[in-house]
Structure formats: structure tokens, C-alpha cells
Amino acid sequence: MDIKGVIFDLDGVLVDTARFHYLAWRKLANQLGFDFSEIENEALKGVSRKASLEYLLKLGGLEKNDEEKSELASLKNDWYISLISNLDESVLLPGVMPLIKALKEEGFALALGSASKNAMPVLESTGLIHYLDYIADGNSTEKSKPDPEVFYIAARGIGLSPGECLVVEDSEKGIAAAVEGGFHSLGIGDQEVLGEADFVLASLENITVSELMEKFTVNNI
Ligand code: B16
Ligand code: MG
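Bear in mind the structure is a predicted one, so any value in this text is a computation, not a measurement.

Structural notes on the layout of surface pockets
Space left empty within the atom packing is revealed by a probe, the size of a water molecule, rolled over the atoms. Roughly 710 Å³ of volume is contained in the largest pocket. Together, 38 residues line the largest pocket, and Val47, Ser48, Arg49, Lys50 and Ala115 are the ones closest to its centre. Those elements that provide at least two residues to the lining of the largest pocket are helix H1 (18-31), helix H3 (49-59) and helix H4 (66-83). Its residues placed into classes, the lining of the largest pocket shows ten nonpolar, 14 polar and 14 charged. Built from parts of two domains, the lining of the largest pocket gets at least three residues from each of domain 1 (5-16 + 90-214) and domain 2 (18-83). Taken as a whole, the second largest pocket encloses approximately 260 Å³ of empty space. Taken together, 18 residues line the second largest pocket, and the ones lying closest to its centre are Gly12, Asp16, Ala18, Arg19 and Lys45. Secondary structure elements with two or more residues in the lining of the second largest pocket: H1 and helix H2 (38-41). Looking at the lining of the second largest pocket element by element, the count peaks at four residues for H1. Residue composition of the lining of the second largest pocket, grouped by class: nine nonpolar, three polar and six charged.

A word on the packing of aromatic side chains
Any aromatic ring pair is given by two values, namely how distant the centres are and how the planes are angled relative to each other. One pass over the full model with this rule turns up four aromatic pairs. Ring centres 5.8 Å apart and planes at 45° place the aromatic pair Tyr22 and Phe36 in the tilted group. On the criterion of sequence distance, the pair formed by Tyr22 in helix H1 and Phe36 in the loop between H1 and H2 is long-range, its members being 14 residues apart. By relative accessible area, Tyr22 is classed as buried at 8%. Looking at Lys76, its charged tip hangs above the ring of Tyr80, at a distance of 4.8 Å from the centre. Lys215 extends its terminal NZ or CZ atom over the ring of Phe199, reaching a point 5.4 Å from the ring centre.

The rules we used
Residues numbered from 1 in each chain as written. Chains lettered and ligands numbered in written order. Predicted model: local features only at pLDDT ≥ 70, side-chain atom pairs only at ≥ 80, totals over all residues. Heavy atoms only, no water. 1 Å grid on protein atoms, 1.4 Å probe; cavity = no way out; pocket = protein on both sides within 12 Å on 5 of 7 lines; lining within 4 Å. Points joined across faces, edges and corners; volume = space filled by probe spheres on them. Helix = DSSP H or I, 4+ residues; strand = E, 2+ residues; numbered from the N terminus. Nonpolar A, V, L, I, M, F, W, Y, C, P; charged D, E, K, R; others polar. Domains from an automatic or database assignment. Phe/Tyr/Trp six-rings, centres within 6.5 Å; stacked < 30°, edge-to-face > 60°. Buried < 20%, exposed > 50% of the residue type's maximum accessible area, 1.4 Å probe, protein only. Lys NZ or Arg CZ within 6 Å of the ring centre and 35° of its normal.

This is the structure in C-alpha cells:
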């Protein structure tokens, strides 16, 4: 089936904000008395705030009640919000804007499929908001990736079936969600982490729309 729409993850695919999530979680871990490495952080990419906190507490061997968990999640989010408070186009990852503009010009429907509840201010401050036809984010979902819910909502929002959409993701759990949901998938990052994707690229830099779509038609994926 031909690809008619592209669903982009946000953090780590369109914008370089995955590192801000990491810094905020590491600060929280440090405050709780343990360290948190970038390798350990891979497991949090694409995962909701609540599920991320559960993972972090388990890693630190800590148990907290619901009230404490909610305070810790708010603390992390306050730090994250202060880290993204002055964003502009410079936080866009290489190749993103040219590719998004070209996809739009060629008539593809574009949607966001992000786990983040902070997606809107990021889309507004970077100008990405003007190119997206539909936004599915952490405020529209109940289930965290690897559940495909967010991508189903995004596909429905642009009036397409999963088989007509390409999901672009930087996280292992996001690719797992795309595969589970019956979407075409493109991983951005490390082949070893994202090997389940149909294709993996190091970044979106220097790839044209036709080169991208060819990958999915030639191999009939
Ligand atoms: P928030 P994505 C995800 O965004 C991030 O990868 C993940 O690290 C973060 O915990 C999650 O959003 C929730 O974000 O705390 O802002 O609601 O990669 O799915 O765009
Ligand atoms: Mg991501």
C-alpha cells in the first residue's frame, strides 16, 4: 500500500529535546541518591512521564506512595519545562525542516505521534506547528508506547489507515508500537537499538522525499 502520510515522533526525531528529558531525570535520580546513565535512559525514550518515573524508582530500588510519586513527577517536569523555556528553530534536528516542507509540498498528510504532554509549546516555539495536520500527544492517550494507541489516533486524525502511514521514531518502544500497529517504520538513530524498524537512518539529514519513499516501495514493505 502506498504511503500517504507520515507520523513523526517529537523528542529525538524532530527536535533535540530527548537530552533535556534525560538531564531532568538524571537530576531527579541524583537527588534521590543514585546515578542514571545515558544507556539506562534509552529505556525511557518514548515512555510516558508516569511510566518513566516507575522505571527510575525501580532502578534506584526505591518505593514511594502515590502522593510522593506525583510530587517527583512534577519536580522532573518543572526542570524539563525550564530547560525548554527558550526554544527556537535551532533545536530542530538536522534535515527536519527541509524534509517536512518537501513532504508537505508533495501532498503528504503529516501528524505528530508523541508521548509528551509538553508537545504543544515545543511545536509552537519551533514553528513546526504550521506544517502538521494533526497532533496526537500525551494529552490524547491513555497507553504509553510500545502500545500503538498514539499512532492509531494520529492516523485516524489524518484520515489514513496504518498501512498508509510511515512512523518515524527514535525509540525502541516507539518502533515496537509502530510494528505492532501495522505501520511502516523508519528508525532514527542506532541500528542496534532500532533493528525492528523497516529501515534505520542515522538522521533525517540529506534525504529527499523520493529517496525515502523509494525504500518502502522498492522493497514493497
Ligand atoms: P512529558 P516522544 C516522549 O516524547 C519522550 O521521549 C520521553 O522521554 C518522555 O518521558 C515522554 O515524551 C513524556 O514527556 O513528560 O513531556 O509528558 O519521544 O514520544 O515525542
Ligand atoms: Mg522520541
